[in-house]
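Below, each chain spelled out in residue letters.
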Amino acid sequence: MRYGSVCSGIEAATTAWHPLGWQPAWFSEIEAFPSAVLKHHYPTVPNYGDMTKFEEWPNESIDLLVGGTPCQSFSVAGLRKGLADPRGNLMLTYLAIAQRHRPRWLVWENVPGVLSSNGGRDFGTFLGALGELGYGFAYRVLDAQWFGVAQRRRRVFVVGYLGDWRRAAEVLFESESVCRNPAPSREAGQDAAKCLTASVGKRYNFETETLPVAHTLRAQHDASEDGTGRGTPLVPIGFGAQMSVPQTDIDLMQTLQAKNPMAVAQPVGFDSYNLTETGDVMQTIKSPKGGVTESVGAVRTAMQVRRLTPVECERLQGCPGNNTNIPWRKSTESPDGPRYKALGNSMAVPVMRWIGERIAKVDAK
């Protein structure tokens, strides 16, 4: 499978699909740091840069087109101008590239806010255009936390197949994912996850019921999951010397930000795993005005706060450790800031791998 990638970022798709034997024909990325990451890891793959200049690109044959066009115009954290925002219009540029190259498969990703942007009409425009181009399609919201990473990251994925919607639907939907009589609230998500991960969980060897997860990694400062800015970027999760997530039943971690990454509060002066003498795990620190206040029910009061490291963020996205730590400008290493931003804009690798595996299975029929 040869594919073209637009809005490539640090190429979560290529990281996910390399084990499948798929090869990237070209990338399209304009940001300096992600472009440097691409050049470092994939020196033989051309980066065509600005996707709006696609008519100047070589008109080579590809089997699949993948891309996650900018989400800011659709996110509830932004102004939600939708297609009136030039970044939102890149959705239509993606379609124009598909029309030119005519790959048999399409994979497109965006934030759940695209479903309600402009009353749903923006997303309807996208789907209608897919149909006019001759693509059958299916779409689904997938959450990265059910694919083996410790991050809550809900994204809309659209899969298209030239001439047949059933193949697209077969990629995103499976019989095990259809549950009846779901439980309310968080239990409903867990019940759905049990179905969705009936086969995925076995491959990635994780437990959906007890997995501690962080809220969505973002490229801009916003500590909330829904983009409203009401979240709390400080969570008292104890990490030991190995920096591994404790295997206890803890609350979900909050969002890591690119410009102001999520911090974790670590108890001072004692082993973070030695919680048995005081009972339950600490609750979330409250910071209503940006400063840390004492948490109700916390089992320890002596705390120090640190931010997650770029390597931890890479692992939250399912990337190899230090994947974004490349020689940058005059240094042999990359500063943290560009790495946080690039990771916040990226896709979750295990989700993309699952989609790729499903496409390969259907395509082989």
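Our subject in this report is the structure included herewith. Just so you know, the residues in each chain are numbered from 1, in the order the chain's sequence is written. Local features are withheld for residues below a pLDDT of 70 in this predicted model, meaning they are given only at 70 or higher, and side-chain atom pairs are given and counted only at 80 or more; totals for whole chains, interfaces and linings count all residues. The basis for every side-chain value is the complete set of non-hydrogen atoms in the structure, without hydrogens or water.

**As for the nonpolar core**
Part 1: Joining through side-chain atoms within 4.5 Å is the link that ties buried Ala, Val, Leu, Ile, Met, Phe, Trp, Tyr and Cys residues into a set, and such a set is a nonpolar core. Categorising residues by exposure relies on relative accessible area from a 1.4 Å probe, with only protein chains included: less than 20% of the type maximum marks a residue as buried, more than 50% marks it as exposed, and the intermediate range marks it as partly exposed. Judged by nonpolar contacts, the single largest core of 45 residues is most densely connected at Trp17, Leu64, Met352 and Ile355.
Part 2: Each helix corresponds to a stretch of at least 4 residues labelled H or I by DSSP, and each strand to a stretch of at least 2 residues labelled E; elements are numbered beginning at the N terminus. In terms of residue count, helix α10 (residues 349-363) provides more of this core than any other element does, seven residues in total.
Part 3: Contacts are assigned to residue pairs that have any heavy atoms within 4.5 Å of one another. Sequence-distant contacts of Leu64, defined by excluding residues within four places in its chain, comprise Met1, Arg2, Tyr3, Gly4, Trp17, Trp22, Pro103, Trp105, Val107 and Ile359.
Part 4: Counting residues in each nonpolar core, the second largest holds 26 residues, with Tyr94, Ile97, Val114 and Phe126 among its members.

**Some thoughts on the pattern of salt bridges**
Part 1: Basic side-chain nitrogens of Lys or Arg form a salt bridge, by our definition, when they fall within 4 Å of a carboxyl oxygen of Asp or Glu. For the coordinates displayed, the defined rule picks out eight salt bridges.
Part 2: The salt bridge involving Asp363 is made with Arg104; its shortest N-O contact spans 2.9 Å. Taken together, the residues Asp363 in helix α10 and Arg104 in the loop between α3 (86-101) and β4 (105-110) connect sequence positions 259 residues apart.
Part 3: Here Asp363 falls in the partly exposed class, since its relative accessible area comes to 22%.

**Re unusual backbone geometry**
Part 1: Not every positive phi belongs to a glycine, and Cys7 is a case in point at roughly 50 degrees.
Part 2: Inspection of the secondary structure puts Cys7 in the loop between β1 (2-6) and α1 (12-17).
Part 3: For Arg329, which is not glycine, the phi dihedral falls at a positive 55 degrees.
Part 4: Mapped onto the elements, Arg329 comes out in the loop between α8 (310-316) and α9 (336-344).

**Re the sheet that holds strand β5 (residues 135-143)**
Where strands meet in a sheet, backbone hydrogen bonds hold them as pairs that are either parallel or antiparallel.
Part 1: Read from one edge of the open sheet, six strands run β2-β1-β3-β4-β6-β5, paired in mixed fashion. Of all the strands in the sheet, the pair left with one neighbour each is β2 (23-28) and β5. With direction set aside, neighbouring strand axes in the sheet form an average angle of 15 degrees.
Part 2: Strand pairing is assigned whenever DSSP detects at least two bridges linking the two strands. Sheet topology places strand β3 (residues 64-67) next to β4; four bridges connect them, and they run parallel. Here an axis means a line fitted to C-alpha atoms, over the contact stretch when the element is a helix, while the angle between two N-to-C directions is reported on a 0 to 180 degree scale.

That's the geometry; what it means functionally is another story.
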